[in-house]
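Understanding the architecture of this molecule
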Amino acid sequence: MEKDQRIERKNSETAIKTMSLLGLTFRSLGLGDGEPRPDDFLDSEDRDSDESSKRSRRNSKQASREDARPSSKSIDEAKQLRVINLDEVAWHDTVDSCWVVIRDFVYDCTELLKSHPGGYDVILEYAGRDATLAFIGTGHSSTARESLEKYLIGELPFEERIFRVPNGIKVVGS
Ligand code: HEM
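Reference entry: report on the structure contained in this document.

Rules behind the numbers
Residues numbered from 1 in each chain as written. Predicted model: local features only at pLDDT ≥ 70, side-chain atom pairs only at ≥ 80, totals over all residues. Heavy atoms only, no water. Helix = DSSP H or I, 4+ residues; strand = E, 2+ residues; numbered from the N terminus. Buried < 20%, exposed > 50% of the residue type's maximum accessible area, 1.4 Å probe, protein only. Contact = heavy atoms within 4.5 Å. Near = heavy atom within 4 Å. Polar contact = N/O pair within 3.5 Å; in protein donor to acceptor, adjacent residues only side chain to side chain. Nonpolar A, V, L, I, M, F, W, Y, C, P; charged D, E, K, R; others polar. Pairing = 2+ DSSP bridges. Donors = N, O, S within 2.8 Å, 3.2 Å for Na, K, Ca; no water. Tetrahedral: all angles 85-135°; square planar, octahedral: opposite > 155°, others 65-115°. Core = buried A, V, L, I, M, F, W, Y, C linked by side-chain atoms within 4.5 Å.

1. Overview of unusual backbone geometry
For R103, which is not a glycine, the phi torsion comes out positive at approximately 50 degrees. Its place among the elements puts R103 in the loop between β3 (97-102) and β4 (105-108).

2. Considerations on helix α7 (residues 142-151)
Inspection of α7 places A144, L148, E149 and Y151 among the buried residues, and these make up the whole buried set. Of the surrounding elements, those touching the buried residues of α7 are β3, β4, α4 (112-115), α6 (132-137) and β6 (152-155).

3. Looking at the site of the ligand
As a matter of local geometry, the ligand sits amid 18 residues, with H116, P117, T138, H140 and S141 nearest to it. The side chain of H116 places a nitrogen or oxygen atom 2.7 Å from a nitrogen atom of the ligand. Side-chain polar atom of H140 to a nitrogen atom of the ligand: 2.7 Å apart, as the coordinates give it. The leading source of residues in the shell around the ligand is α7, at four residues. Taken together, the residues of the shell around the ligand sort by class into 12 nonpolar, six polar and no charged.

4. Some points on the pairing of β3
Burial analysis of β3 places six of its six residues in the buried class, the great majority of the element. What you see with β3 is no split at all: S97, W99 and V101 on one side and C98, V100 and I102 on the other are buried throughout. As judged from the two bridges shared by strand β2 (residues 93-94) and β3, these two strands associate in the antiparallel manner. Within β3, the position partnered with D93 by the bridge is C98. Hairpin geometry of β2 and β3 is characterised by an intervening segment of two residues between the two adjacent antiparallel strands. Pairing of β3 with β4, which is carried by four bridges, proceeds in the antiparallel orientation. Bridge pairing links V101 to V106 in β4. Connecting β3 to the next strand, β4, in antiparallel fashion are two residues, including R103 with a positive phi near 50 degrees. As defined by bridge partners, β3 adjoins strand β5 (residues 129-130) across two bridges and the pair is classed as parallel. Each bridged residue has a counterpart across the sheet, and for V101 the counterpart in β5 is D130.

5. Observations concerning the coordination of the iron atom of the ligand
Looking at the metal site, the iron atom of the ligand is ligated by H116 (NE2) and H140 (NE2), spaced 1.9 to 2.0 Å from it. Taken together, the six donor atoms coordinating the iron atom of the ligand and their angles of 84 to 179 degrees define a geometry best described as octahedral. Here the residue H116 occupies a position in the loop between α4 and α5 (120-124), and H140 occupies one in the loop between α6 and α7, the gap between them amounting to 24 residues.

6. Focus on the nonpolar core
In terms of nonpolar packing, the biggest core is built from 16 residues, with C98, V100, I102, Y107, C109 and I123 touching the most fellow members. Mapped by element, the contributors of at least two residues to this core are β3, β4, α4 and α7. Looking at which element gives the most residues to this core, the answer is β3, with three residues. Those residues within four positions of V100 in sequence are excluded, and the remaining contacts are F105, V106, Y107, C109, I123, Y126, A127, R129 and A131. Counting six residues, the second-largest nonpolar core is a separate cluster that includes I84, V89, V101 and V106.

7. Some details on the environment of I102
Structurally, the position occupied by I102 is in strand β3. Using a relative accessible area of 5% as the deciding quantity, one classes I102 as buried. Counting along the chain gives 27 residues from I102 to R129, while the straight-line C-alpha distance between them is 9.0 Å. Not counting residues up to four positions away in its chain, the partners in contact with I102 are Y107, A131, T132, F135 and L148.

Below, the structure written as structure tokens:
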């Protein structure tokens, strides 16, 4: 197995453990039935053919969700996002510069802090780090999900992603 593949496997296992620790299931994430397995988080090229055929039904169900972008309607598909790693995100953890990661995308919420309907403190708590589960857990409306786009500044490098792989999203929340 190539080094990259080993890293991807490890990331997949981490994603499963995270889902398990947080009591998340594919059903709770609106992705149908079944237990999460490492292959669910991998690019299809990395799966062996047996597994990929077993999973093809689920994947076709997920096809409409495969676009990981926050709002597939409003985003400019051609827009090249800047790749920002978690180290850089971590520097932006104050009211003067507040970045959060949601589903492997990086958002600059500095301006949002002033107007966020849920208050500034809930976001500030996640400044400089991953806020995916808090964002999903709060049950934001579709309007809130669409407004994410306004704050989008980049995405994590592949090796740091836990929700997405290059060809599309494997796990999404509401
Ligand atoms: C860029 C990131 C975010 C955006 C664009 C955003 C947007 C919004 C919007 C528009 C609302 C109004 C209610 C709705 O439409 O659902 C809202 C409410 C709320 N948000 Fe956020 N939010 C963000 C991040 C977060 C984070 C990281 C948390 C962490 C817990 C959070 C917690 C809440 C809470 C507690 C409410 C109030 C819910 C209620 O009153 O029922 N938000 N947010």
